[in-house]
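Coordinate inspection notes
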Amino acid sequence: MAISSSIPLLCFLTLFLSVLATKNELKTFIVRVHHDSKPSVFPTHNHWYESSLRSLSTIDSVSDSDSGSGSGFSRLIHTYDTVFHGFSAKLSNSDAQKLLSLPGIVAVIPEQVRQIQTTRSPEFLGLKTSDAAGLLKESDFGSDLVIGVLDTGIWPERKSFNDRDLGAVPAKWKGQCVAGKGFPATSCNRKLIGARYFCNGYEATNGKMNETTEYRSPRDSDGHGTHTASIAAGRYVFPASTLGYARGVAAGMAPKARLAAYKVCWTSGCYDSDILAAFDAAVADGVDVISLSVGGVVVPYYLDAIAIGAFGAMESGIFVSASAGNGGPGGLTVTNVAPWVTTVGAGTIDRDFPANVKLGNGKIIPGMSVYGGPGLALHKLYPLMYAGSEGSDGYSSSLCLEGSLDPKIVQGKIVVCDRGINSRAAKGEVVKKAGGIGMILANGVFDGEGLVADCHVLPATAVGASNGDEIRKYISTNLRSKSPPMATIIFRGTRLNVRPAPVVASFSARGPNPETPEILKPDVIAPGLNILAAWPDNVGPSGLESDKRRTEFNILSGTSMACPHVSGLAALLKAAHPEWSPAAIRSALLTTAYTVDNRGETMLDESTGNSSTVMDYGAGHVHPQKAMDPGLIYDLSTYDYIDFLCNSNYTMKNIQAITRKKSDCKGAKRAGHVGNLNYPSLSVVFQQYGKHKLSTHFIRTVTNVGDANSVYKVTIRPPSATTRVTVLPEELRFRRIGQKLSFLVRVETEEMKLSPGSSSLSSGDIMWSDGKHFVRSPLVVTLQQPL
């Protein structure tokens, strides 16, 4: 897997060049100011910001309709004063450059537009309400903790958000329930204790929102935010199902935790200026955990609004979890990679929804679906066709794009459509409109064998890439022999205790970390495939406008669903251990994660069926019960992260853009290299410049949170036969709880023969154990041949 250090630079250049495309075209920029530098002539920071903007030439010539906000002046989009000091505004490139030269301006950051990354999981994770002890009982189900969800809003009437038997709102809470269209202030309760919406950035770029299709309020018109909020902290609801599938009790990870919804995502995406405003509000309101299931292009941390907002949250003791992205199974696809964010990939659970294809030759092809309407007639086969062999240009028809299918050809047939471009459910709608009776959705080569269940609007199922090839081959063979191809789809409902599980989901984004390969990302994986959770009343389960079906719960897949699992678990851990920092909580989740499935073998990669690797799952799959009592933790402070940024060769101004304060990099020399951040995983990238022997060292410090008077001994599993790993000391003797001890890890390896630009990756681990606790850290060694 090739790792290129130029990737982040290329992403940054692409982003900046798009900003520079038209000199006077207005774009949104986020401006960081030094919070101590406001001139005394201005009564407030806002007056200073407005004066700074008025001094710029092109701003004064911009009409109100162009700017998308305000009249006369103020044309600020947002001002920030909690996790970030500064403002966002519409600027031309020339004005952005002028602004950067003004005193007190630390950084001018071009806005990114992010996208959302789209029950049995508590039981699969071992969280059982019947347990006399354990994480749920120890944390009182998270009752005093507040989870802030930055997403598409919330549908407050759902039973998942009822406040039955909950105590008073925590006294520390300073947030609001902001009323708006379709969302009176009474929508909040003792469960949903806060709700806000942020649309200035969205409207600055797109103009006024269409209020016939969107709510100018925290109400969710998409479904994604309602789904993720209930995964993190939904109450117990019985009975729950989607169109008859996945029947049982629905519950979030922290059923008694309080929720605060921050709506930052709209029809055209989630805008950085709004996301940063939500971070600012959430920290000021008093949340304990921030859950963010959105992502975008990886850029240097000082240009990344999510990384900057998350840093301010971390400084305030708030745990931030974010989705790794759905760009898998290719490498270098992971997003939200800042080391102070816990980055979550997606795995399967032990439940699926088989919907098999039966071909005319008797062959049964496995598939998956949650179609809930009238099925196809029993014991009857239907004419089968591949959309790509008939119709307009072959390409658009193969993908079943809007208007590409000829009703004369499709009428009464089951149609095979290729995956890609339009949504999976939209393809079914296209087939249905053209008169098709069913659809088989075939993965492309890149999608591999990973299957996602969808609530289709007609009888339909999804099949893997190789099975799609087999079906297409059957069709072409039969057509050549003048024998009409036939098939049917057999829906088999819900299947439990599936083996193997977990499996790394095909779509889950993979490492290495494009910005800092020495920080292993994703951190962990959690359930993210076919997850049942709450759903709004105004959106059909397929998400299509034409879908008039209504359901209280829906089944969705994505790292968007995995992230709130970890957000809820973090709330439980924080409730059980109020003194733990965000880094301590992440350490507990990482060092207790597992890498084997329910057969006792290494977790598989769904896309290939082969064993998965650290680049797919990070430290492994979360294990909540073990995370409650990890034994040792790798803790981190703000100063450790500053040393990390210093060792990342960022300038003082770059670092100040992230941290809000002028930093001293003298301590960074003691920390050594960028991989010496006290992270629970260890990763080194060796550049091969003709040296035969390659070596480095890591220094790590662990804090005893297990038992007093405990002795931990190390076990090493080297990454490869040619890599020698030594750990000193080999034994850590703790006298008390809270005591910190350090150790040194030396890694020595030999040069490999590699072609220019290519790399070789191997992984092992280091395990500390006192016989009761097992504290495992992945150790990754990458050899890279320079171009």
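These remarks concern the structure in this document. (Residues numbered from 1 in each chain as written. Predicted model: local features only at pLDDT ≥ 70, side-chain atom pairs only at ≥ 80, totals over all residues. Heavy atoms only, no water.)

**A closer look at the sheet that holds strand β33 (residues 724-728)**
The four strands are arranged β29-β31-β35-β33 in an open sheet whose pairing can be described as antiparallel. What marks the edges here is a single partner per strand, and that holds for β29 (632-633) and β33. Relative to strand β35 (residues 740-750), strand β31 (residues 693-704) is paired through 11 bridges, and the arrangement is antiparallel. Residue pairing for β35: H697 is matched across the bridge by R746. (Pairing = 2+ DSSP bridges. Helix = DSSP H or I, 4+ residues; strand = E, 2+ residues; numbered from the N terminus.)

**A word on the packing of helix α10 (residues 272-285) against helix α11 (residues 305-315)**
Contact pair α10 / α11: the axes reach a minimum separation of 9 Å and the direction vectors enclose 5 degrees. Here α11 runs roughly parallel to α10, going by the angle between their axes. Together, D272, I275, L276, F279 and V283 of α10 and A305, I306, G309, A310 and A313 of α11 make up the contact between the two elements. Here the residues of the contact of α10 with α11 are counted per class, giving eight nonpolar, one polar and one charged. (Axes fitted to C-alpha atoms, helices over the stretch in contact; angles between N-to-C directions. Parallel < 35°, antiparallel > 145°, perpendicular 65-115°, else oblique. Contact = heavy atoms within 4.5 Å. Nonpolar A, V, L, I, M, F, W, Y, C, P; charged D, E, K, R; others polar.)

**Digging into the packing of aromatic side chains**
What describes a pair of aromatic rings is the distance from one ring centre to the other and the angle between the planes of the rings. All told, the structure shown has 18 aromatic pairs when counted by the stated rule. Judged by centre distance (5.7 Å) and plane angle (5 degrees), the rings of Y202 and W266 are stacked. Pair noted here: Y202 is in helix α8 (residues 200-206) and W266 is in strand β11 (residues 265-266), with a separation of 64 residues, a long-range link. The class of Y202 is buried, set by a relative accessible area of 4%. Taken together, a centroid distance of 5.7 Å and an interplanar angle of 80 degrees make the contact between Y245 and F353 edge-to-face. Of this pair, Y245 sits in strand β9 (residues 245-250) while F353 is found in the loop between β17 (351-352) and β18 (355-359), placing the two residues 108 residues apart along the sequence. Under the relative-accessibility criterion, Y245 is labelled buried at 7%. Judged by its relative accessible area of 0%, F353 is buried. Taken together, the ring pairs connect Y301, Y302, F311, W340, Y641, F644 and Y650 into an aromatic cluster. (Phe/Tyr/Trp six-rings, centres within 6.5 Å; stacked < 30°, edge-to-face > 60°. Buried < 20%, exposed > 50% of the residue type's maximum accessible area, 1.4 Å probe, protein only.)

**A closer look at the nonpolar core**
Ranked by size, the top nonpolar core spans 116 residues in total, and within it Y262, F279, I290, Y301, W340 and L589 carry the most contacts. In this structure, F279 is in contact with V83, L150, I290, L292, I306, G309, A310, A313 and V320, ignoring residues within four places of it in sequence. Counting residues in each nonpolar core, the second largest holds 24 residues, with L682, V702, L732 and L783 among its members. (Core = buried A, V, L, I, M, F, W, Y, C linked by side-chain atoms within 4.5 Å.)

**Focus on the state of the cysteines**
Inspection of every chain in the model, using the stated rule, returns four disulfides. Here C646 connects covalently by a disulfide to C665, the sulfurs 1.8 Å from one another. Residues C646 and C665 share a disulfide whose torsion about the S-S bond is about -80 degrees; that sign makes it left-handed. Placement of C646 in helix α20 (residues 638-647) and of C665 in the loop between α21 (652-659) and α22 (666-671) is noted, with a sequence separation of 19 residues between them. For the chain, the bonded cysteines pair up as 1-2, 3-4, 5-6, 7-8 when numbered in the order they occur along the sequence. With no disulfide partner, C199 has as its closest neighbouring cysteine sulfur the one in C265, 13 Å distant. (Disulfide = S-S within 2.5 Å.)

**Brief notes about the pairing of strand β23 (residues 460-463)**
Side chains of β23 alternate between two faces, with A460 and A462 and T461 and V463 buried alike. Sheet topology places strand β22 (residues 438-442) next to β23; four bridges connect them, and they run parallel. Bridging across to β23, I440 finds its partner in T461.

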